[in-house]
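Topology and contacts: notes
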Number of protein chains: 2
Amino acid sequence: MRNHALVKGMQRAEVARRTGTNLETVRYYEKVGLLPEPPRTQSGYRNYDTTHERRIRFVLRARELGFSLDEIRALLRLVDERDQPCADARVVAATHLEDVRAKIADLRRMELVLKDVVKQCGDGTLPACPLIETLFRENAVT
Amino acid sequence: MRNHALVKGMQRAEVARRTGTNLETVRYYEKVGLLPEPPRTQSGYRNYDTTHERRIRFVLRARELGFSLDEIRALLRLVDERDQPCADARVVAATHLEDVRAKIADLRRMELVLKDVVKQCGDGTLPACPLIETLFRENAVT
DNA sequence: GTGCAGTCTGTAGCGGCTACAGGCTCAAGA
DNA sequence: TCTTGAGCCTGTAGCCGCTACAGACTGCAC
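About the thresholds
- Residues numbered from 1 in each chain as written.
- Chains lettered and ligands numbered in written order.
- Predicted model: local features only at pLDDT ≥ 70, side-chain atom pairs only at ≥ 80, totals over all residues.
- Heavy atoms only, no water.
- Helix = DSSP H or I, 4+ residues; strand = E, 2+ residues; numbered from the N terminus.
- Expected span 1.5 Å × (residues − 1).
- Buried < 20%, exposed > 50% of the residue type's maximum accessible area, 1.4 Å probe, protein only.
- Contact = heavy atoms within 4.5 Å.
- Buried area = accessible area lost by both parts, 1.4 Å probe.
- Salt bridge = Lys/Arg side-chain N within 4 Å of Asp/Glu carboxyl O.
- Polar contact = N/O pair within 3.5 Å; in protein donor to acceptor, adjacent residues only side chain to side chain.
- Nonpolar A, V, L, I, M, F, W, Y, C, P; charged D, E, K, R; others polar.
- Near = heavy atom within 4 Å.
- UniProt positions renumbered as here; feature names shortened; annotations may be inferred.
- Axes fitted to C-alpha atoms, helices over the stretch in contact; angles between N-to-C directions.
- Parallel < 35°, antiparallel > 145°, perpendicular 65-115°, else oblique.

Chain A goes by Helix-turn-helix domain-containing protein in an unreviewed UniProt entry, where it is assigned to Mesorhizobium neociceri.

In C-alpha coordinates:
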(Lines give C-alpha, C1' and ligand atoms only; values in the text may rest on other atoms or scores of the structure.)
Protein backbone atom coordinates (compact mmCIF):
# COMPACT_ATOMS: atom_id res chain seq x y z
CA MET A 1 0.00 0.00 0.00
CA ARG A 2 2.62 2.52 0.99
CA ASN A 3 4.55 1.66 -2.09
CA HIS A 4 1.70 2.96 -4.15
CA ALA A 5 3.61 6.19 -4.78
CA LEU A 6 2.16 7.92 -1.75
CA VAL A 7 -0.41 10.45 -2.93
CA LYS A 8 0.82 11.32 -6.34
CA GLY A 9 1.25 15.09 -6.51
CA MET A 10 0.58 17.54 -9.22
CA GLN A 11 2.55 20.13 -11.06
CA ARG A 12 2.05 23.82 -11.05
CA ALA A 13 -0.25 23.94 -14.05
CA GLU A 14 -2.60 21.44 -12.51
CA VAL A 15 -2.85 23.07 -9.11
CA ALA A 16 -3.38 26.41 -10.85
CA ARG A 17 -6.12 24.98 -13.01
CA ARG A 18 -7.80 23.19 -10.11
CA THR A 19 -7.85 26.33 -7.98
CA GLY A 20 -8.56 28.75 -10.80
CA THR A 21 -5.34 30.61 -10.17
CA ASN A 22 -3.01 32.06 -12.73
CA LEU A 23 0.01 29.85 -13.25
CA GLU A 24 2.48 32.55 -12.28
CA THR A 25 0.51 33.55 -9.24
CA VAL A 26 1.15 30.19 -7.61
CA ARG A 27 4.89 30.77 -7.83
CA TYR A 28 4.41 34.32 -6.62
CA TYR A 29 2.55 33.18 -3.51
CA GLU A 30 5.36 30.79 -2.76
CA LYS A 31 7.91 33.54 -3.22
CA VAL A 32 6.18 35.91 -0.82
CA GLY A 33 5.77 33.27 1.83
CA LEU A 34 2.06 32.49 1.60
CA LEU A 35 2.66 28.99 0.36
CA PRO A 36 5.28 26.59 1.70
CA GLU A 37 7.90 25.43 -0.76
CA PRO A 38 6.65 22.19 -2.23
CA PRO A 39 8.93 19.18 -2.59
CA ARG A 40 10.63 18.83 -5.95
CA THR A 41 11.10 15.99 -8.35
CA GLN A 42 14.64 14.91 -9.19
CA SER A 43 14.74 17.32 -12.06
CA GLY A 44 13.49 20.22 -9.93
CA TYR A 45 9.81 20.33 -10.83
CA ARG A 46 7.49 21.40 -8.01
CA ASN A 47 5.24 18.68 -6.69
CA TYR A 48 2.07 19.91 -5.00
CA ASP A 49 -0.41 17.98 -2.94
CA THR A 50 -3.86 18.69 -1.57
CA THR A 51 -2.54 20.67 1.41
CA HIS A 52 -1.05 23.17 -1.02
CA GLU A 53 -4.25 23.28 -2.92
CA ARG A 54 -6.20 23.91 0.25
CA ARG A 55 -3.87 26.72 1.19
CA ILE A 56 -4.11 28.35 -2.22
CA ARG A 57 -7.87 28.26 -1.94
CA PHE A 58 -7.61 29.96 1.44
CA VAL A 59 -5.57 32.75 -0.09
CA LEU A 60 -7.97 33.14 -3.00
CA ARG A 61 -11.06 33.30 -0.78
CA ALA A 62 -9.36 35.84 1.44
CA ARG A 63 -8.41 37.89 -1.62
CA GLU A 64 -12.02 37.78 -2.77
CA LEU A 65 -12.91 39.31 0.58
CA GLY A 66 -10.35 42.02 -0.02
CA PHE A 67 -7.75 40.98 2.55
CA SER A 68 -4.25 42.16 1.71
CA LEU A 69 -1.48 39.62 1.36
CA ASP A 70 -0.06 40.89 4.66
CA GLU A 71 -3.35 40.22 6.39
CA ILE A 72 -3.55 36.81 4.80
CA ARG A 73 -0.04 36.03 5.96
CA ALA A 74 -1.11 36.99 9.46
CA LEU A 75 -4.20 34.80 9.27
CA LEU A 76 -2.23 31.85 7.99
CA ARG A 77 0.33 32.28 10.75
CA LEU A 78 -2.50 32.16 13.27
CA VAL A 79 -3.81 29.02 11.64
CA ASP A 80 -0.38 27.42 11.71
CA GLU A 81 0.78 28.45 15.13
CA ARG A 82 -2.16 29.05 17.42
CA ASP A 83 -4.35 26.53 19.11
CA GLN A 84 -7.17 29.03 19.42
CA PRO A 85 -6.76 31.54 16.62
CA CYS A 86 -10.28 32.91 16.67
CA ALA A 87 -9.78 35.96 18.87
CA ASP A 88 -6.81 37.19 16.87
CA ALA A 89 -8.35 36.29 13.55
CA ARG A 90 -11.47 38.17 14.50
CA VAL A 91 -9.41 41.31 15.08
CA VAL A 92 -7.85 41.02 11.62
CA ALA A 93 -11.26 40.61 10.04
CA ALA A 94 -12.89 43.38 12.05
CA THR A 95 -10.12 45.79 11.14
CA HIS A 96 -10.47 44.86 7.51
CA LEU A 97 -14.22 45.29 7.72
CA GLU A 98 -13.66 48.86 8.85
CA ASP A 99 -11.34 49.43 5.88
CA VAL A 100 -13.97 48.06 3.52
CA ARG A 101 -16.62 50.31 5.02
CA ALA A 102 -14.34 53.32 4.68
CA LYS A 103 -13.74 52.50 1.03
CA ILE A 104 -17.45 52.14 0.43
CA ALA A 105 -18.03 55.54 2.01
CA ASP A 106 -15.38 57.09 -0.24
CA LEU A 107 -16.85 55.50 -3.33
CA ARG A 108 -20.36 56.55 -2.42
CA ARG A 109 -19.20 60.16 -2.17
CA MET A 110 -17.66 59.84 -5.61
CA GLU A 111 -20.79 58.22 -6.94
CA LEU A 112 -23.00 61.06 -5.72
CA VAL A 113 -20.89 63.74 -7.35
CA LEU A 114 -20.48 61.79 -10.57
CA LYS A 115 -24.16 61.01 -10.81
CA ASP A 116 -24.90 64.67 -10.35
CA VAL A 117 -22.48 65.96 -12.96
CA VAL A 118 -23.47 63.36 -15.53
CA LYS A 119 -27.06 64.37 -15.02
CA GLN A 120 -26.18 68.05 -15.33
CA CYS A 121 -24.29 67.35 -18.53
CA GLY A 122 -27.56 66.11 -19.99
CA ASP A 123 -27.03 65.06 -23.57
CA GLY A 124 -23.72 66.89 -23.81
CA THR A 125 -24.87 69.72 -26.03
CA LEU A 126 -24.40 72.41 -23.40
CA PRO A 127 -22.01 75.21 -24.31
CA ALA A 128 -20.26 75.00 -20.92
CA CYS A 129 -19.59 71.55 -19.48
CA PRO A 130 -20.71 71.13 -15.85
CA LEU A 131 -18.33 68.21 -15.37
CA ILE A 132 -15.29 70.14 -16.49
CA GLU A 133 -16.31 73.20 -14.54
CA THR A 134 -16.73 71.09 -11.44
CA LEU A 135 -13.23 69.72 -11.85
CA PHE A 136 -11.73 73.17 -12.26
CA ARG A 137 -13.58 74.39 -9.18
CA GLU A 138 -12.17 73.79 -5.73
CA ASN A 139 -13.68 71.28 -3.34
CA ALA A 140 -15.22 69.08 -5.95
CA VAL A 141 -15.89 66.34 -3.45
CA THR A 142 -16.41 68.14 -0.14
CA MET B 1 3.70 97.91 -17.14
CA ARG B 2 4.81 94.99 -19.29
CA ASN B 3 8.29 95.39 -17.95
CA HIS B 4 7.03 94.63 -14.48
CA ALA B 5 8.40 91.08 -14.76
CA LEU B 6 5.14 89.79 -16.14
CA VAL B 7 3.37 87.61 -13.51
CA LYS B 8 6.18 86.35 -11.36
CA GLY B 9 5.98 82.57 -11.22
CA MET B 10 6.56 80.15 -8.45
CA GLN B 11 8.76 77.18 -7.91
CA ARG B 12 7.76 73.61 -7.42
CA ALA B 13 7.56 73.72 -3.65
CA GLU B 14 5.19 76.66 -3.73
CA VAL B 15 2.82 75.25 -6.32
CA ALA B 16 2.80 71.97 -4.41
CA ARG B 17 2.03 73.73 -1.15
CA ARG B 18 -0.67 75.90 -2.70
CA THR B 19 -2.42 72.93 -4.27
CA GLY B 20 -1.83 70.52 -1.42
CA THR B 21 0.13 68.17 -3.64
CA ASN B 22 3.20 66.22 -2.73
CA LEU B 23 6.31 67.88 -4.13
CA GLU B 24 7.33 64.86 -6.15
CA THR B 25 3.86 64.34 -7.51
CA VAL B 26 4.05 67.61 -9.39
CA ARG B 27 7.11 66.43 -11.26
CA TYR B 28 5.46 63.06 -11.79
CA TYR B 29 2.39 64.63 -13.40
CA GLU B 30 4.66 66.56 -15.71
CA LYS B 31 6.53 63.39 -16.60
CA VAL B 32 3.39 61.46 -17.49
CA GLY B 33 2.02 64.29 -19.59
CA LEU B 34 -0.74 65.67 -17.40
CA LEU B 35 1.02 68.96 -16.88
CA PRO B 36 2.79 70.94 -19.61
CA GLU B 37 6.48 71.51 -19.10
CA PRO B 38 6.82 74.84 -17.38
CA PRO B 39 9.39 77.40 -18.51
CA ARG B 40 12.72 77.31 -16.72
CA THR B 41 14.88 79.95 -15.14
CA GLN B 42 18.40 80.39 -16.48
CA SER B 43 19.69 77.86 -13.98
CA GLY B 44 17.03 75.34 -14.91
CA TYR B 45 14.50 75.79 -12.11
CA ARG B 46 10.88 75.24 -13.08
CA ASN B 47 8.74 78.33 -13.08
CA TYR B 48 5.03 77.74 -12.65
CA ASP B 49 2.18 80.17 -13.06
CA THR B 50 -1.50 80.14 -12.22
CA THR B 51 -2.41 78.10 -15.31
CA HIS B 52 -0.27 75.28 -14.02
CA GLU B 53 -1.82 75.60 -10.62
CA ARG B 54 -5.28 75.46 -12.13
CA ARG B 55 -4.38 72.35 -14.07
CA ILE B 56 -2.94 70.62 -11.01
CA ARG B 57 -6.15 71.35 -9.14
CA PHE B 58 -8.10 69.80 -11.99
CA VAL B 59 -6.06 66.64 -11.72
CA LEU B 60 -6.45 66.54 -7.95
CA ARG B 61 -10.22 66.98 -8.06
CA ALA B 62 -10.49 64.32 -10.71
CA ARG B 63 -8.35 61.98 -8.59
CA GLU B 64 -10.65 62.63 -5.63
CA LEU B 65 -13.48 61.46 -7.83
CA GLY B 66 -11.51 58.32 -8.63
CA PHE B 67 -10.66 59.03 -12.26
CA SER B 68 -7.54 57.24 -13.44
CA LEU B 69 -4.67 59.24 -14.85
CA ASP B 70 -5.57 57.92 -18.29
CA GLU B 71 -9.10 59.22 -17.93
CA ILE B 72 -7.81 62.55 -16.69
CA ARG B 73 -5.48 62.79 -19.65
CA ALA B 74 -8.47 62.19 -21.90
CA LEU B 75 -10.50 64.86 -20.14
CA LEU B 76 -7.69 67.37 -20.34
CA ARG B 77 -7.22 66.65 -24.01
CA LEU B 78 -10.90 67.39 -24.55
CA VAL B 79 -10.53 70.63 -22.63
CA ASP B 80 -7.52 71.62 -24.68
CA GLU B 81 -8.67 70.58 -28.11
CA ARG B 82 -12.42 70.58 -28.33
CA ASP B 83 -14.71 73.53 -28.62
CA GLN B 84 -17.61 71.57 -27.18
CA PRO B 85 -16.13 68.89 -24.97
CA CYS B 86 -19.26 68.14 -22.98
CA ALA B 87 -20.59 65.16 -24.90
CA ASP B 88 -17.26 63.34 -24.85
CA ALA B 89 -16.50 64.33 -21.28
CA ARG B 90 -19.89 63.04 -20.23
CA VAL B 91 -19.08 59.64 -21.70
CA VAL B 92 -15.82 59.49 -19.74
CA ALA B 93 -17.63 60.38 -16.54
CA ALA B 94 -20.55 58.04 -17.14
CA THR B 95 -18.20 55.15 -17.81
CA HIS B 96 -16.28 55.95 -14.68
CA LEU B 97 -19.53 56.16 -12.73
CA GLU B 98 -20.29 52.61 -13.79
CA ASP B 99 -16.85 51.51 -12.59
CA VAL B 100 -17.43 53.17 -9.24
CA ARG B 101 -20.80 51.46 -8.88
CA ALA B 102 -19.26 48.10 -9.72
CA LYS B 103 -16.61 48.64 -7.08
CA ILE B 104 -19.21 49.57 -4.52
CA ALA B 105 -21.13 46.41 -5.33
CA ASP B 106 -17.98 44.33 -4.87
CA LEU B 107 -17.19 45.97 -1.57
CA ARG B 108 -20.71 45.57 -0.32
CA ARG B 109 -20.53 41.85 -1.00
CA MET B 110 -17.30 41.71 0.97
CA GLU B 111 -18.82 43.76 3.75
CA LEU B 112 -21.78 41.42 4.11
CA VAL B 113 -19.61 38.33 4.41
CA LEU B 114 -17.14 40.01 6.76
CA LYS B 115 -19.86 41.38 8.98
CA ASP B 116 -21.34 37.94 9.18
CA VAL B 117 -18.13 36.11 10.06
CA VAL B 118 -17.05 38.70 12.61
CA LYS B 119 -20.42 38.32 14.25
CA GLN B 120 -20.15 34.55 14.20
CA CYS B 121 -16.72 34.74 15.77
CA GLY B 122 -18.36 36.41 18.75
CA ASP B 123 -15.76 37.18 21.38
CA GLY B 124 -13.24 34.84 19.78
CA THR B 125 -13.39 32.12 22.42
CA LEU B 126 -14.93 29.53 20.13
CA PRO B 127 -12.94 26.36 19.70
CA ALA B 128 -13.39 26.44 15.90
CA CYS B 129 -13.07 29.78 14.16
CA PRO B 130 -15.94 30.56 11.75
CA LEU B 131 -13.79 33.07 9.87
CA ILE B 132 -11.02 30.61 9.20
CA GLU B 133 -13.44 27.86 8.32
CA THR B 134 -15.15 30.18 5.88
CA LEU B 135 -11.84 30.91 4.20
CA PHE B 136 -10.99 27.24 3.88
CA ARG B 137 -14.38 26.52 2.45
CA GLU B 138 -15.08 27.03 -1.24
CA ASN B 139 -17.22 29.86 -2.51
CA ALA B 140 -16.66 32.16 0.41
CA VAL B 141 -18.18 35.05 -1.47
CA THR B 142 -20.76 33.16 -3.53
C1' DG C 1 15.95 11.29 -32.55
C1' DT C 2 13.32 15.04 -32.89
C1' DG C 3 9.91 17.97 -31.96
C1' DC C 4 7.01 20.36 -28.88
C1' DA C 5 4.89 21.33 -24.64
C1' DG C 6 5.80 21.98 -19.99
C1' DT C 7 8.70 23.57 -16.28
C1' DC C 8 12.54 26.15 -14.37
C1' DT C 9 14.84 30.78 -13.12
C1' DG C 10 15.20 35.72 -12.98
C1' DT C 11 13.58 40.05 -14.33
C1' DA C 12 10.57 43.83 -16.02
C1' DG C 13 6.22 45.90 -16.39
C1' DC C 14 1.52 47.80 -14.84
C1' DG C 15 -0.67 52.34 -11.94
C1' DG C 16 0.10 56.11 -9.00
C1' DC C 17 2.80 57.68 -6.59
C1' DT C 18 6.88 58.46 -2.90
C1' DA C 19 11.55 58.77 -1.49
C1' DC C 20 16.22 59.08 -1.77
C1' DA C 21 21.13 59.86 -3.62
C1' DG C 22 24.29 62.89 -5.54
C1' DG C 23 24.99 67.20 -7.67
C1' DC C 24 23.90 72.14 -8.60
C1' DT C 25 22.10 77.02 -7.17
C1' DC C 26 20.85 80.67 -4.38
C1' DA C 27 20.17 83.74 -0.53
C1' DA C 28 21.37 85.03 4.10
C1' DG C 29 24.60 85.65 7.74
C1' DA C 30 29.55 86.17 9.80
C1' DT D 1 34.03 87.29 0.74
C1' DC D 2 33.26 83.02 2.22
C1' DT D 3 30.39 79.62 4.15
C1' DT D 4 26.47 77.29 5.35
C1' DG D 5 22.17 75.41 4.63
C1' DA D 6 18.03 75.06 2.16
C1' DG D 7 16.17 74.44 -2.04
C1' DC D 8 16.12 72.71 -6.69
C1' DC D 9 17.75 69.44 -10.34
C1' DT D 10 18.14 64.52 -12.35
C1' DG D 11 17.62 59.62 -12.35
C1' DT D 12 16.39 55.56 -10.08
C1' DA D 13 14.25 52.27 -6.82
C1' DG D 14 10.57 50.99 -3.94
C1' DC D 15 5.54 50.04 -2.65
C1' DC D 16 1.30 46.23 -3.90
C1' DG D 17 -0.38 42.21 -6.30
C1' DC D 18 0.20 40.33 -9.72
C1' DT D 19 1.39 39.13 -14.97
C1' DA D 20 4.36 38.18 -18.70
C1' DC D 21 8.32 37.12 -21.03
C1' DA D 22 13.22 35.38 -22.20
C1' DG D 23 16.28 31.72 -22.24
C1' DA D 24 17.44 27.24 -20.50
C1' DC D 25 16.18 22.69 -19.27
C1' DT D 26 12.97 18.33 -19.06
C1' DG D 27 9.79 14.92 -20.41
C1' DC D 28 6.79 12.59 -23.41
C1' DA D 29 4.94 11.15 -27.96
C1' DC D 30 5.80 9.83 -32.51
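A few words now on helix 4 (residues 69–81) of chain A. If you check helix 4 of chain A, its first and last C-alpha atoms are 18 Å apart, about what 13 residues at 1.5 Å a residue would give, namely 18 Å. Every buried residue belonging to helix 4 of chain A is among Leu69(A), Glu71(A), Ile72(A), Leu75(A), Leu76(A) and Leu78(A), and all of these are buried. Buried residues in helix 4 of chain A make contact with helix 2 (23–31), helix 3 (50–64) and helix 5 (86–121) of chain A together with helix 6 (130–136) of chain B.

So, on to the interface of chain A and chain B. Contacts between chain A and chain B engage 50 residues on the former and 50 residues on the latter. Between chain A and chain B the total buried area reaches about 4800 Å² when both faces are included, carbon and sulfur atoms providing 77% of it. It is Leu65(A), Leu135(A) and Phe136(A) in chain A that bury the most area against chain B; as a group they hold 15% of the surface buried on that side. Summed over the shared surface of chain A and chain B, the result is two salt bridges. A salt bridge links Arg101(A) to Glu111(B), with the nearest nitrogen and oxygen atoms 2.8 Å apart. In this structure, the connection of chain A to chain B is made through four residue pairs in polar contact (both at pLDDT 80 or more). Put simply, the parts of the chain that give the side of chain A that touches chain B at least two residues each are helix 3, helix 4, helix 5 and helix 6 (130–136) of chain A. At 21 residues, helix 5 of chain A tops the list of elements feeding residues into the side of chain A that touches chain B. Looking at the side of chain A that touches chain B residue by residue, the classes come out as 31 nonpolar, six polar and 13 charged.

To continue, consider the protein's contact with DNA strand D. Taken together, 19 residues surround DNA strand D, and among them Ser43(A), Arg63(A), Arg12(B), Arg27(B) and Arg46(B) come closest. Contacts to DNA strand D include Thr25(A), whose side-chain N or O atom sits 2.8 Å from a phosphate oxygen. A distance of 2.7 Å is found between a phosphate oxygen of DNA strand D and a side-chain nitrogen or oxygen belonging to Arg12(B). Contributions of two or more residues to the surface near DNA strand D are made by helix 2 of chain A together with helix 1 (12–19) of chain B. Its residues placed into classes, the surface near DNA strand D shows six nonpolar, six polar and seven charged.

This part is about the UniProt feature "domain: HTH merR-type" (unreviewed entry) in chain A. Per the UniProt record, "domain: HTH merR-type" (unreviewed entry) is found at residues 14–78 of chain A. In the segment residues 14–78 of chain A, helix accounts for 62% and strand for 0%; the C-alpha atoms at its two ends are 28 Å apart.

All names here are of chain B. Contact geometry for helix 1 and helix 2 (residues 23–31): axes closest at 8 Å, N-to-C directions at 105°. Classified by the angle between their axes, helix 1 and helix 2 sit roughly perpendicular to one another. The segment helix 1 lies against helix 2, with Arg-12, Ala-13, Val-15 and Ala-16 engaging Leu-23, Glu-24, Val-26 and Arg-27. For the contact of helix 1 with helix 2, the class distribution of residues is five nonpolar, no polar and three charged.

Let us look at the protein's contact with DNA strand C. Around DNA strand C sit 19 residues in total, of which Arg12(A), Arg27(A), Tyr45(A), Arg46(A) and Ser43(B) are the nearest. Sugar and phosphate atoms constitute 68% of the interface atoms of DNA strand C, taking the interface as everything within 4 Å of the protein. A distance of 2.5 Å separates a phosphate oxygen of DNA strand C from a polar backbone atom of Arg46(A). Between DNA strand C and Leu69(B) there is a distance of 3.3 Å, counted from a phosphate oxygen to a backbone nitrogen or oxygen. Sorting the residues of the surface near DNA strand C by element identifies helix 1 (12–19) of chain A together with helix 2 of chain B as the ones contributing at least two each. With five residues, helix 2 of chain B is the largest single contributor of residues to the surface near DNA strand C. Considering only residue class, the surface near DNA strand C consists of six nonpolar, six polar and seven charged.

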